[in-house]
Amino acid sequence: MERLPIRKETIYTLLEFYDLMARTREVKKAMAENIFAGRPGMENGRQDLNNALDTLLAMPRDGFDPLRLRQVLALDGKGVAVDLAYEKTELLKDLQFIDLDEASFVRFLGTIHPDFERHVQEGVCLLQGKRFRAFITDRDGTVNNYCGRYRSSLQSLYNAVFLARFARNACEFPILLTSAPLASPGVVDVSVMPTGAMILAASKGREYLGLDGKRHAYHIEDAKQAVLDAFNEKISALLEKPEKNKFTLIGSGLQFKFGQTTIARQDISRSVTEQESQTLLDQIEDMVREVDPEGADLRIEDTGLDVEVILTFETAGGMVKDFDKGDSVRYLDETLGIGMEQGPHLVCGDTPSDLPMLQAAMEKNPDETYGVFVTKKPELAERVREICPRSVVVPEPDILVTMLGRLA
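All values derive from a computational prediction rather than experimental measurement.

A. View of the environment of Phe-108. Relative to the assigned elements, Phe-108 resides in helix α4 (residues 102–112). Since its relative accessible area comes to 19%, Phe-108 is described here as buried. Between the C-alpha atoms of Phe-108 and Gln-96, which are 12 residues apart in sequence, the distance is 8.1 Å. With residues up to four places along the chain from it excluded, the contact list for Phe-108 reads Lys-93, Gln-96 and Leu-100.

B. Local environment of unusual backbone geometry. Cis geometry marks the peptide bond from Ser-184 to Pro-185; its omega dihedral reads -20°. As for its placement among the helices and strands, Pro-185 is situated in the loop between β4 (171–177) and α7 (187–190). Cis peptide bonds are those with omega within 30 degrees of zero, and the linkage from Gly-343 to Pro-344 qualifies with -5°. Mapped onto the elements of the fold, Pro-344 is located in the loop between α10 (325–336) and β13 (345–349). If you check the backbone angles, Ser-203 has positive phi at about 55° while not being a glycine. Structurally, the position occupied by Ser-203 is in the loop between β5 (199–202) and β6 (207–209). Residue Ser-203 is classed as buried on the basis of its relative accessible area of 0%. Of note, the phi angle at Lys-204 is positive, near 60°, even though the residue is not glycine.

C. Geometry of the side chain of Thr-178. Here Thr-178 lies in the loop between β4 and α7. Given the relative accessible area of 2%, Thr-178 is considered buried. The residues touching Thr-178, leaving out its near neighbours within four places in the chain, are Asp-138, Arg-139, Asp-140, Val-187, Ala-201, Ala-202, Ser-203, Lys-204, Gly-205 and Lys-325.

D. Local environment of the pairing of strand β8 (residues 254–257). Where β8 and strand β9 (residues 260–264) come together, 4 bridges link them in antiparallel fashion. Bridging across to β9, Lys-257 finds its partner in Gln-260. Turn length for the β8-β9 hairpin, with the two strands adjacent in sequence and antiparallel, is 2 residues, and the turn residue Gly-259 shows positive phi of about 90°.

E. Representation of the state of the cysteines within the structure. In this structure the tally under the stated criterion is 0 disulfides. The structure places no disulfide on Cys-125, whose sulfur is separated from the nearest cysteine sulfur, that of Cys-348, by 16 Å. When its relative accessible area of 52% is taken as the criterion, Cys-125 is described as exposed. Here Cys-348 is not disulfide-linked; the sulfur of Cys-171 is the nearest cysteine sulfur, at 10 Å.

F. Examining helix α1 (residues 14–37) more closely. With 24 residues, α1 should cover 34 Å at 1.5 Å per step; its first-to-last C-alpha distance of 35 Å lies within 8% of that length. One or two steps after α1, the chain reaches Gly-38, where phi turns positive at roughly 75°.

G. View of the pattern of salt bridges. The full count for this structure, using the stated rule, is 29 salt bridges. Put simply, Arg-165 and Glu-102 hold a salt bridge, and the shortest N to O gap is 3.0 Å. Here Arg-165 is found in helix α6 (residues 157–169), whereas its partner Glu-102 is found in helix α4, with 63 residues between them in sequence. On the accessibility criterion, Glu-102 (37% relative accessible area) is partly exposed. Between Asp-327 and Arg-330 there is a salt bridge, with the nearest N and O atoms lying 3.3 Å from each other. In this pair, Asp-327 and Arg-330 are both assigned in helix α10, 3 residues apart and thus about one turn of the helix distant. The class of Asp-327 is buried, set by a relative accessible area of 12%. You can call Arg-330 partly exposed: its relative accessible area is 32%.

H. Just the pairing of strand β14 (residues 369–374), in detail. In terms of residue burial, β14 counts as a mostly covered element, since 6 of its 6 residues are buried. Examined bridge by bridge, β13 and β14 share 5 bridges and lie parallel to one another. Of the residues in β14, the one forming a bridge with Gly-349 is Phe-373. Traced from β13 through helix α11 (residues 355–364) to β14, the parallel crossover comes out right-handed. As judged from the 4 bridges shared by β14 and strand β15 (residues 391–394), these two strands associate in the parallel manner. Paired with Phe-373 across the strands is Val-393, a residue of β15.

Calculation rules
- Residues numbered from 1 in each chain as written.
- Predicted model: local features only at pLDDT ≥ 70, side-chain atom pairs only at ≥ 80, totals over all residues.
- Heavy atoms only, no water.
- Helix = DSSP H or I, 4+ residues; strand = E, 2+ residues; numbered from the N terminus.
- Buried < 20%, exposed > 50% of the residue type's maximum accessible area, 1.4 Å probe, protein only.
- Contact = heavy atoms within 4.5 Å.
- Pairing = 2+ DSSP bridges.
- Disulfide = S-S within 2.5 Å.
- Expected span 1.5 Å × (residues − 1).
- Salt bridge = Lys/Arg side-chain N within 4 Å of Asp/Glu carboxyl O.
- Right-handed = clockwise from strand over helix to strand, strands pointing away.

Taken by themselves, the reported measurements are silent on function.
Listed below in structure tokens is the structure:
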């Protein structure tokens, strides 16, 4: 079925906004597929993306900066101020990538980030000349700029091209490891890379889509899964109520991950009142107590923006713990047959929750593991270098992705 063109339009609701962004994903993914298939197509979707950007820029302002806040309507009819800087900036990069040659586009990125070329070169000097056995990277904040709403955190075209090029040319097992679910919505729905460019490991790696397109999942005991399923039924019923449905549209929304459920109770724009947010947290805690009265199977982690309801699991030593990204690295090494005792490996992240990936890789191969972390926090940078001496730290995802594109 032929895709309908994107035209400049007027948007009034968050649902209309999400629909527009989903259509831009179709355009960008088709363009990425054309690039890697050697077909002409860089211009085919340019007008669509330009119209999408014009639509976002024309939305009623809540402030004076044309790249910042806009006023859109949530499902309950209340006006919600939404920061669209990510969506507009990434569309602007898409248009620049289409219009410029690669060298000129990289210079354009250099106008956005201070010391851009110096940081890129530091990583290139460390990593050049290597073909990595495993390339394991986090997504949001690492190889993708951070967005306040997961459903619209669409990968930019340049990002997809540079990352897929590195995955295809510079490593054997390219793995994108994210805490987001696989789909509906999940990492599949926000990725623009050609299908099969990378292994998409979601839900902290407890489920993954292999290069062959087949889904695989970590084993969860039926009794434990039943407890999480019972909670999921309760939270779904609650958030279907008109006065609660807004929580599925703000921030991370409602994400049914494999072995974990994420519920947004607030977003970075403070789109709901603190009283509404606290009430939802209280209701979630009550639901968890109802389905897991002994506290044996579920754990709650509240970030202030998201509530994570997490299945615990028992280690071989009998310890009950959360599944972390280090557990994922060990699981993927075994099921994919990576053989991480052989190197070299590259691990990329941006938060303390990504450190277990680096630690697990170092346990497997301490002499040939390299790291690149994206952070401006000195304490995290110091911890990265303590764990893996062959590491560099950069301040922005655009720098890391450009580095990878150049290495390939």
